[in-house]
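Each chain, written out:
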Amino acid sequence: GESGRNPPDLIVNHGSERRGRQLATEGLSGRGSGDAMVVRGGNRLNGLVEVSGSKNAVLALLAATLLADSGKVNLKNVPTGLTDVGNMVRVLESLGATASQPSPGTLELDCSRLSTSEPDPVFVGALRASFLVAAPLLGRLGEATVSLPGGCKIGTRPVDLHLFGLRRLGATVEVGSGSVRLGM
């Protein structure tokens, strides 16, 4: 940088750009609201940061393991203590998959011996992301019957975009009372 000048501040805010400028101008003293974080430049950052696994990414990956028709799939950096992750594992087990946790944060899944194309509605009803198993089941087994998902305290989450995409790919879609039947 130029000598005699202070390095610029990096302002990370969780509101509007205008609010960020206001906080930068007024400062944060006495606020304690958590609206912004000001990082003063000029010092080199160095070190390692361990990033925890993302629940939503893991839920999609767990559903994708249904496509592995032989062998085991190991997923690392899994937030195994989360209820939604456990519920998705139960959805997979209800299809005939086996799951184990060989070490903390690691899941080992074997989906080579699926016994049904219809996950248990009780487990599906506990997790809105459970509908993510529909497309892998359809791709692997040529059919799937999946209850409409639950698990959402903020209202219903439609699956219409999933169904639209599956229809465009040539699937037959029958929406019944409380479930969706897919075929090829």
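Located above this text is the structure these notes cover.
Residues numbered from 1 in each chain as written. Predicted model: local features only at pLDDT ≥ 70, side-chain atom pairs only at ≥ 80, totals over all residues. Heavy atoms only, no water.

1. As for helix α2 (residues 55-64)
When we look at burial in α2, the residues that qualify are V58, L59, L62 and A63. In an axial view of α2, the angular spread of the buried residues amounts to 140°, which keeps them on one side of the axis. Against the buried residues of α2 lie β3 (72-75), α3 (83-94), β5 (106-110) and α5 (134-141). (Buried < 20%, exposed > 50% of the residue type's maximum accessible area, 1.4 Å probe, protein only. Helix = DSSP H or I, 4+ residues; strand = E, 2+ residues; numbered from the N terminus. Arc of directions from axis to C-beta. Contact = heavy atoms within 4.5 Å.)

2. Things to note about the sheet that holds strand β4 (residues 98-103)
On the basis of which strands lie adjacent, the open sheet formed by 3 strands has the order β3-β5-β4 and antiparallel pairing. The two strands at the open ends of the sheet, each matched to only one other strand, are β3 and β4. Each strand axis lies, on average, 25° off the axis of its neighbour in the sheet, ignoring direction. (Pairing = 2+ DSSP bridges. Axes fitted to C-alpha atoms, helices over the stretch in contact; angles between N-to-C directions.)

3. Focus: the pattern of salt bridges
Inspection of the entire model under this criterion finds 3 salt bridges. Two residues, D84 and K55, come together in a salt bridge whose shortest N-O distance is 3.0 Å. Of this pair, D84 sits in helix α3 while K55 sits in helix α2, and the two are 29 residues apart along the sequence. The exposure class of K55 is partly exposed, given its relative accessible area of 27%. When the shortest N-O distance is used, the salt bridge between K72 and E108 registers 3.6 Å. Remark: E108 occurs in strand β5 and K72 occurs in strand β3; sequence separation between them is 36 residues. Classification of K72 by relative accessible area gives exposed; the value is 55%. (Salt bridge = Lys/Arg side-chain N within 4 Å of Asp/Glu carboxyl O.)

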